[in-house]
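# Coordinate inspection notes
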Amino acid sequence: MILESVRNIGHKTLSIFQRVGQASIFLLHILGGIKSLLLRPSLIVQQVYSAGVLSLLIILFSGLFVGMVLSLLGYVTLVEFGVEGSLGVLVSLSMIRELGPVLAALLFSGRAGSALTAEIGLMKATEQLASMEMMAVDPVKRIVTPRFIAGVFSLPVLTAIFMAVGIYSSFLVGSIWLGVDEGSFWSQMQANVDFQHDLINGFIKSFVFGVVVMWIAVFEGYHAIPTSAGVSEATTRSVVYSALAILGLDFILTSIMFGL
Amino acid sequence: MPESIVTISDLQFSRGEREIFSAVNLVIPKGKVTAIMGPSGTGKTTLLRLIGGQLVPDRGDVVVEGKSIPALSNKELYISRKRMGMLFQSGALLTDLNVFENIAFPIREHYDFPETMIRDLVFMKLEIVGLRGAYKLMPSELSGGMARRVALARAIILDPVLMMYDEPFTGLDPITLGTIVSIIKELNQALGMSSVVVSHDVSEVLSIADYVHILSEGVVAASGTPEELRESDSEWVRQFLQGLPDGPVPFHYPASDYHQALKGGSL
């Protein structure tokens, strides 16, 4: 009984390491396709449309409402201490350092990452990837690399849009609706948000999340069991692993960037 | 026997615990239509994948045009595949491209031809399969038979020397089936390619094959020309070719005694 459970733990640990190793080799294979992709930028442009442009609506609306809620809650607390003029700082720092990169990445993994896993998984299930191999076309370079690169560069742009919309919507709620002084809202924000420390670090986070989300999405899709149940499981795993990876990495990155 | 294009020797291949091939030896002659037949689950499609280098054997060798496929580097394998064509059972058309672009796909990926040349090459192949008028359609707008014909046009766009067909007759209406049968034969003669047809549709295969290998339980159970196999005195070959429900290959999956099971015995 005990021996059995020890054996199970050993087996699971080994399979986790095997999967991590497999994913790392797969990432190298993806990156190996970048050189040939530079000669055909149109492949990336198509994918920027499906990963980035089509995610725009959910990013815009989420940014809008997150900014509004943040402003409302921040105002209620700040006004008690008479420092509601700092609302802009509160909202902008929260958005730039934390909420923008994390929420945009979570939304992106749900919208674009899951779609990508399902697309690649279905291409595998319908033998499209195998047929490419037989046409002497490497499916990783032709299908996976353009999607990976497009996703990695789309997320920081979407994050920037999320931040901008969030901050502006918080201004609308804070200043126009709740009456916070417009001058102090913007001037305090300008004085306290540092380009290098806050903005650049926020975008570094976003870039890292983009790599992780895309890596998980394409890996799960490419290695899905080629059946409808297999693709469905892979899509679920893609979203769950992405969310956990984003939140776990966020803690590590935050402690490095803004911790002690 | 004429010169061979594929030579398989002492091939062993397993999927997990299950052994698919224990020791397969067969030769596919150049310029002929060779059929690989056998009951479902005998690894006919797996054999095509081994020839195409998509799977690696556990033991033995697969030699195509004098090159050992399992020993090739990835780059060399891709070069070899440019000389092979494969028609998948599902067609495997790229769903985001229309018929024209699906067929042009291999040319665009490998060569920098002018657009007018690509157009002519694609229309020539579409004319062979009778679908020139359907060049604008998307794969979702095609019937099963049409999709397979488009896939066939795509598979021969680079004029392969070795063409592999994976169950080309399955699920087709009689008219489309007849069309595919005659196209396979004509392509073999007109383009001088060597064809391997994997199928268990006996009458269609025997009507076009020059040579037949029948696989069973991990080995080549019988080989010969269609005439030789028809006259074979092996009960197994007769059962397979005539489609008899029972014989050396039992109708029932191994189980306990039926009457005992109904009386409450073990199943």
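The coordinates are above.
Owing to the predicted nature of the structure, the values given are computational and were not obtained by experimental measurement.

This next bit is on a nonpolar patch on the surface. A cluster of nonpolar side chains, L57, L60, F61, F65 and M68 of chain A, forms an exposed patch at the surface whose accessible area comes to about 470 Å². Relative to the helices and strands, F65 of chain A resides in helix 4 (residues 56–80).

This brings us to the packing of aromatic side chains. Residues and elements named next belong to chain B. If you walk through the whole model with that rule in mind, you get 13 aromatic pairs over all chains. Centroid distance Y111 to F113: 5.1 Å. Interplanar angle 10 degrees. Geometry classified as stacked. On the accessibility criterion, Y111 (36% relative accessible area) is partly exposed. A relative accessible area of 29% places F113 in the partly exposed class. It is R81 that lies over the ring of Y78; its NZ or CZ is 5.2 Å from the centre.

Looking now at the sheet that holds strand 9 (residues 211–216) of chain B. Residues and elements named next belong to chain B. Spatial strand order, 6-7-8-3-9-10: six strands in an open sheet with mixed pairing. For this open sheet the edge positions go to strand 6 (84–87) and strand 10 (219–224), each flanked by a neighbour on one side alone. Taking the axes of each pair of neighbouring strands and ignoring which way they run, one obtains an average angle of 15 degrees across the sheet. Two elements, strand 6 and strand 7 (residues 162–166), share four bridges in a ladder whose sense is parallel. Of the residues in strand 7, the one forming a bridge with L87 is Y165. Of the strands in this sheet, strand 3 (33–37), strand 6, strand 7, strand 8 (194–198) and strand 9 touch helix 1 (residues 44–51), which is tilted by about 155 degrees from strand 7.

In this model, E127 of chain A sits at a positive phi of 65 degrees, which is unusual for a non-glycine residue. Tracing the backbone through its elements, the reader meets E127 of chain A in the loop between helix 5 (87–125) and helix 6 (128–134). At E217 of chain B, a residue that is not glycine, the phi angle is positive and equals roughly 45 degrees. Structurally, E217 of chain B can be placed in the loop between strand 9 and strand 10.

With that settled, the discussion passes to the pattern of salt bridges. Residue and element names in this part refer to chain B. Enumeration according to the criterion identifies 20 salt bridges over all chains in this entry. Its salt-bridge partner being D10, residue R59 comes within 3.1 Å of it at the nearest N-O pair. Of this pair, R59 sits in strand 4 (residues 59–64) while D10 sits in strand 1 (residues 4–15), placing them 49 residues apart in sequence. Measuring nitrogen to oxygen at the nearest pair gives 2.7 Å for the salt bridge that ties K125 to D159. On the criterion of sequence distance, the pair formed by K125 in helix 4 (residues 115–129) and D159 in the loop between helix 5 (144–155) and strand 7 is long-range, its members being 34 residues apart. Overall, K125 belongs to the buried group, its relative accessible area being 7%.

This next bit is on the pairing of strand 3 of chain B. Residues and elements named next belong to chain B. Among the five residues that make up strand 3, five are buried, leaving the element largely enclosed by the rest of the structure. Of the two faces of strand 3, the one holding V33, A35 and M37 and the one holding T34 and I36 are both buried throughout. Pairing geometry for strand 3 and strand 8, over four bridges, is parallel. Bridged to A35 within strand 8 is V197. As paired elements, strand 3 and strand 9 share four bridges and run parallel to each other. Paired with A35 across the strands is V212, a residue of strand 9.

All names here are of chain B. Here we have four strands laid out as an open sheet, ordered 2-1-4-5, and antiparallel in their pairing. The open sheet is flanked by strand 2 (18–29) and strand 5 (67–68), the only strands paired with a single partner. In this sheet, strand 5 lies alongside strand 4 in antiparallel orientation, the contact comprising two bridges. Among the inter-strand pairings, V64 is bridged to a residue of strand 5, identified as K67. Along the sheet face, helix 1 touches strand 1, strand 2 and strand 4 and points at about 115 degrees away from the line of strand 1.

Reading the values: the criteria
Within any chain, residue numbers begin from 1 and follow the written order of that chain's sequence. The order in which chains are written sets their letters, starting at A; the order in which ligands are written sets their numbers, starting at 1. The model is predicted, so local features are restricted to residues of pLDDT at least 70 and side-chain atom pairs to those at 80 or more, both for listing and for counting; the totals for chains, interfaces and linings are taken over all residues. For the side-chain quantities, the full set of heavy atoms in the structure was used; hydrogens and water were omitted. Surface patches are drawn from residues lacking salt bridges whose relative accessible area is over 30%; two like charges belong together within 9 Å, two nonpolar side chains (Val, Leu, Ile, Met, Phe, Trp, Tyr) within 5 Å. Surface accessibility in these figures is a Shrake-Rupley result with a 1.4 Å probe; residues are shielded only by whichever protein chains are displayed. Salt-bridge detection follows one rule: a side-chain nitrogen of Lys or Arg within 4 Å of a carboxyl oxygen of Asp or Glu. Secondary structure elements follow DSSP: runs of H or I of four or more residues count as helices, runs of E of two or more count as strands, with numbering from the N terminus. Centres within 6.5 Å make a pair out of two Phe, Tyr or Trp rings, where for Trp the six-membered ring is used; the pair is then stacked when the planes are under 30 degrees apart, edge-to-face when over 60, and tilted otherwise. Only protein chains enter the calculation, and the probe is 1.4 Å; a residue is then buried if its accessible area is under 20% of its type maximum, exposed if over 50%, and partly exposed in between. A ring is considered to have a charge above it if a Lys NZ or an Arg CZ atom is located within 6 Å of its centre and within 35 degrees of its normal. For two strands to pair, DSSP has to find at least two bridges joining them. The axes used here are C-alpha line fits, helices contributing only the stretch in contact, and every angle between their N-to-C directions lies in the interval 0 to 180 degrees. Residue contacts follow a heavy-atom distance rule, with two residues in contact if any of their heavy atoms lie within 4.5 Å.

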